Amino acid sequence: MRHMIRSLKKHVGAVLIIILLLIGQAICDLSLPDYTSKIINIGVQQGGIEEIVPKVITEVDMKEVLLFTNSKTEEEILKSYELINDTHKDYQKYSKKYNALKEENVYILKEQEMDQKLEKEMDQALLVHSVMTSNAKEYKSIQDNIRKELPTAIKNNDLIEVFKMMPDASREKMLESMDEKFSDMPESIIEQSATTSIKSLYQEVGVNTDKLQTNYIVVSGAKMLAIALFSMTLTIVVGFLSSKIAASTSKNLRKEIFEKVLNFSKAEYKEYGVSSLITRSTNDIQQVQMLIVMSLKIAIYAPIIGFGGVMKALRTNVSMTWIIALGVIVILGIVVTLFTLVMPRFKKVQKLIDRMNQVTREIITGIPVIRAFSNQKHERKRFEKANQDLKKNTMFVDRAMSMMMPTMMFVMNGICILIVWQASHSIDEGIMQVGDMLAFIQYTMQIVMAFLMISMFSIMLPRANVSANRIYEVLNTKDSIKNPTSPRNFGKRVKGLVEFKNVSFRYPDSDEDVLMDINFVAQPGTTTAFIGSTGSGKSTLINLIPRFYDVSDGEILIDGINIKDVKIEELNKKIGYVPQKGVLFSGTIATNIKYGNEEMSDEQMKRAAKIAQATEFIEGKPQKYEEEIAQGGTNVSGGQKQRLSIARAVAIDPEIYIFDDSFSALDFKTDSELRRALHKETEDATIFIVAQRVNTIMNADQIVVLDEGRVVGMGTHKELLKACDVYREIASSQLTKEELENA
């Protein structure tokens, strides 16, 4: 695990983005069951009526509803409403919305929320009103019981009219008796009955209740769809980023192992074996890649969705949490059992793959010897044994793992049955609604799936950890050979002559050449400059000289010798390279200038600093040449960093100088003085300069103009202004008309 984290350091930004995206995805996924519950409870059962108090009600209906409240409650309820009649300022607006307003006055609920206690009183009043006015069979028995207590003369009268005629004391006494009965009723039943009453009241006002219900379901469904689409998008982006990071990491690991193996001696090959190295470069890296993907997608997402699901489930219904606990315990028991059985086989499989590769390679490479000694039968048995051992272990692991998903599905379906069984009793008692049951099932499935994902990750982790240790065991091995065998030496007759012959180059992961058919000669004592638009191949071209890359076609000769035929150390001694971005190392100014030769004298170091125009700022430091340089040179400016980089190259007194746009951070005065000093002190050396500014290279002996990887012009500044359109265009964009004419 430690090795994997180290490999992901370069992708810290992308990993943080993935974490944020997964949090967003979890929030979306956890919100969907709540919408399902609302669509069932509110959209279907309550007809799309969200509020448990009517937003609008006719004056007549309001008076009837208030018959079933006490005088104090009646007063408080009326404060929450505004009476709309033909004298009201917004009468026209409301009359278009509510048809009943043309014939009678209506009450509109004010913007502020009604007190929770007052809402409950209103709910009970609406329920009683619904019971008294409804023709439903289930309410007939209640109405008959009330009529039995009335005098014979008014038993057959309308119950609302009876309540209107009752003295306040009698009516309130009857209401108290009814309140005692309502106190035992679940709140959900009262609310549902109230919304049924509200629906009929809305119809009397002129509200299209069918449209209200349809709108609620459509809007809620659209929100669910939008959330699901957003969650899907986040899932795709997370999958893309995690796959990219994992693929990038595995690509780098394969490259590192390959480059490491290229430098191995026979001792390292003997230590690991070729078959093991192949397994580490393929199968082991694949295991690490899979673990990275799983870590970024599951190890982060599963705990979030699991914890969030528990919180949501507890809010939905606390009484059924024992079912969640039971499901988690059963799943963990299954996983621990599988883990105990499979884990030893996981570790053994990697060794058996090594063995299989070893036997196969030995047999294939030794076929002539096997045939010569007629030993095919023995080798067939040896291969069969290795193959059979691998088959047995692989089949055991695969069979054990294949049992996990059906077992988990059985457990999850069993949990669903338990939830439905438990919830059915609660729904029958009015404690729970159908939508809440469906939401609880979904939350439970999310929790169970979270534990399942964590369990799957836990099973993969040890195997991938073994693979990671095997990979880094190879990468941490010290190389015993650093130089190619049988190198050639540079000639002594000519020093610093550089020649490009039909050079073409393409990057390893590219199908097209970025440099094509480059030919030129750079003589000692001359300056060759390269210029061109961004991406034209200037830096790539000069990076071929110190063999940062090798040419794809053609050859580069130094002193008549192909640079591929000499030691890299000998090649580097001839070259003073100043990169495009100045690089300094932690230490002192002196150690950075002497980086190419620690035995260099202080006089030679100071001479190099003087040529690079660095003396002034160095002498201004408290410790002068012993001044500490922070890692990466972060405590010096860009111009100072470039001058120290130039001084480091000058200090080794090379035969060839390469300046890769190394004057970009210098002001014009410093640039001019530095180039003048370089010309004077390095008059016998071959100088290559890559630059963006024409002023920097206009005095060069030879300017090579590049465009899309091809040489489109070569000559002096004056010659190119006349003969090369690309150079003339670059010069025109940087120089004034007078400067061009003077040239």
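Above this text is the structure in question.
Residues numbered from 1 in each chain as written. Predicted model: local features only at pLDDT ≥ 70, side-chain atom pairs only at ≥ 80, totals over all residues. Heavy atoms only, no water.

(A) Quick peek at the overall build of the chain. Each helix and strand counted, the chain has 28 helices and 15 strands in total. Of all 743 residues assigned to the chain, the portion counted as buried reaches 46%. When contacts within the chain are restricted to residue pairs at least 6 apart in sequence, those whose partners lie at least 24 apart make up 77%. Carbon and sulfur atoms make up 54% of the accessible area of the chain, which totals about 39,800 Å². (Helix = DSSP H or I, 4+ residues; strand = E, 2+ residues; numbered from the N terminus. Buried < 20%, exposed > 50% of the residue type's maximum accessible area, 1.4 Å probe, protein only. Contact = heavy atoms within 4.5 Å. Areas by Shrake-Rupley, 256 points an atom, 1.4 Å probe, with all protein chains shown as cover.)

(B) Just the side chain of Thr58, in detail. Along the polypeptide, Thr58 turns up in strand S1 (residues 56-58). At 3.0 Å, the side chain of Thr58 forms a polar contact with the side chain of Asp61. Beyond its immediate stretch of four places on either side in the chain, Thr58 contacts Ala100, Glu104, Asn105, Val106, Tyr107 and Val205. (Polar contact = N/O pair within 3.5 Å; in protein donor to acceptor, adjacent residues only side chain to side chain.)

(C) Highlighting the environment of Gln289. Within the secondary structure layout, Gln289 lies in helix H13 (residues 274-316). With a relative accessible area of 25%, Gln289 lands in the partly exposed category. Separated by 46 residues in sequence, Gln289 and Ser243 have C-alpha atoms that sit 8.5 Å apart. Non-local contacts of Gln289, meaning those with residues more than four positions away in its chain, are made with Ala246, Ala247, Ser250 and Arg254. Among the polar contacts listed, one links the side chain of Gln289 to the side chain of Ser250, at a separation of 3.1 Å.

(D) Spotlight on the sheet that holds strand S4 (residues 498-505). Spatially, four strands are ordered S5-S4-S7-S8 in an open sheet, and the strand pairing comes out antiparallel. Each having just a single partner strand, strand S5 (515-522) and strand S8 (561-562) make up the two edges of the open sheet. Where S4 and strand S7 (residues 553-558) come together, five bridges link them in antiparallel fashion. Opposite Lys501, over in S7, you have Glu555 as the bridge partner. (Pairing = 2+ DSSP bridges.)

(E) Inspection of the packing of aromatic side chains at higher detail. Taken as a whole and judged by the stated rule, the model has six aromatic pairs. Ring centres of Phe520 and Phe688 lie 6.5 Å apart, and the angle between their planes is 65°; on these two criteria the pair is classed as edge-to-face. Linking Phe520 in strand S5 with Phe688 in strand S13 (residues 686-690), this pair joins segments that are 168 residues apart in sequence. Overall, the relative accessible area of 4% leaves Phe520 in the buried class. Taking relative accessible area as the criterion, Phe688 reaches 0% and is therefore assigned buried. Seen from their ring centres, Phe530 and Phe688 are 6.0 Å apart, and the 20° between their planes marks the pair as stacked. (Phe/Tyr/Trp six-rings, centres within 6.5 Å; stacked < 30°, edge-to-face > 60°.)

(F) Quick peek at the sheet that holds strand S3 (residues 106-109). Taken in spatial order, the three strands make up an open sheet running S1-S3-S2, and their pairing is antiparallel. The open sheet has two edge strands, S1 and strand S2 (81-84), and neither has a second partner. Going from strand to strand, the sheet's axes swing by 25° on average, the running direction of each strand aside. (Axes fitted to C-alpha atoms, helices over the stretch in contact; angles between N-to-C directions.)

(G) Looking closely at helix H6 (residues 116-133). If you check H6, its first and last C-alpha atoms are 26 Å apart, about what 18 residues at 1.5 Å a residue would give, namely 26 Å. The element H6 is largely enclosed, with a buried count of 13 among its 18 residues. (Expected span 1.5 Å × (residues − 1).)

(H) Quick peek at the side chain of Thr249. With respect to the secondary-structure elements, Thr249 resides in helix H11 (residues 209-262). Within polar-contact distance, the side chain of Thr249 engages the backbone oxygen of Ile245 at 2.8 Å.

(I) Local environment of the pattern of salt bridges. One pass over the full model with this rule turns up nine salt bridges. Notably, a salt bridge pairs Lys385 with Asp389, separated by 3.2 Å at the nearest N-O pair. Of this pair, Lys385 and Asp389 both sit in helix H16 (residues 376-428), four residues apart, which is roughly one turn of the helix. Residue classification places Asp389 among the partly exposed residues on the basis of a relative accessible area of 26%. Residues Lys574 and Glu655 are paired through a salt bridge, measuring 2.4 Å at the closest nitrogen-oxygen approach. Here Lys574, found in helix H19 (residues 568-574), pairs with Glu655, found in the loop between helix H23 (638-651) and strand S12 (656-660); they are 81 residues apart in sequence, far enough to count as distant. For Glu655, a relative accessible area of 23% gives the class partly exposed. In this structure, a network of salt bridges that share partners links the residues Asp559, Lys574 and Glu655. (Salt bridge = Lys/Arg side-chain N within 4 Å of Asp/Glu carboxyl O.)

(J) Molecular detail of the packing of helix H4 (residues 71-79) against H6. Look at H4 against H6: their axes get within 10 Å of each other, and the N-to-C directions meet at 110°. Relative to H6, the element H4 lies roughly perpendicular. Residues Thr73, Glu76 and Ile77 of H4 pack against Leu118, Glu121 and Met122 of H6. (Parallel < 35°, antiparallel > 145°, perpendicular 65-115°, else oblique.)

(K) How the structure looks around unusual backbone geometry. Although it is not a glycine, Asp517 adopts a positive phi angle of roughly 50°. Here Asp517 is to be found in strand S5. Unusually for a residue other than glycine, Lys624 sits at a positive phi of about 50°. Topologically, Lys624 is positioned in the loop between helix H22 (615-619) and strand S11 (628-629). What makes Lys624 partly exposed here is its relative accessible area of 38%.

(L) Structural view of the pairing of S4. The sheet contact formed by S4 and S5 spans five bridges and is antiparallel. Residue pairing in the sheet places Glu499 in a bridge with Val521 of S5.

(M) How the structure looks around the nonpolar core. Formed by 48 residues in total, the largest nonpolar core has its most connected members in Ile593, Ile618, Phe659, Ile703 and Tyr727. No other element matches H23, which puts six residues into this core. The contact partners of Phe659, leaving out residues within four places of it in the chain, are Val578, Ile646, Leu678, Ile687, Phe688, Ile689 and Val690. Leu241, Ile292, Ile305 and Met453 belong to the second-largest nonpolar core, a separate cluster that totals 39 residues. (Core = buried A, V, L, I, M, F, W, Y, C linked by side-chain atoms within 4.5 Å.)

(N) Summary view of H23. Under the 1.5 Å per step criterion, the end-to-end length of H23 is 20 Å for 14 residues, consistent within 8% with the ideal 20 Å. Burial analysis of H23 places 13 of its 14 residues in the buried class, the great majority of the element. Just past H23, the residue Asp653 takes up positive phi, approximately 50°.

(O) Quick peek at a nonpolar patch on the surface. Residues Leu225, Leu229, Met232 and Ile236 make up a contiguous nonpolar surface patch of about 390 Å² in total accessible area. Structurally, the position occupied by Ile236 is in helix H11. Judged by relative accessible area, which is 53%, Ile236 ranks as exposed. (Patch = residues over 30% accessible without salt bridge, like charges linked within 9 Å, V, L, I, M, F, W, Y side chains within 5 Å.)

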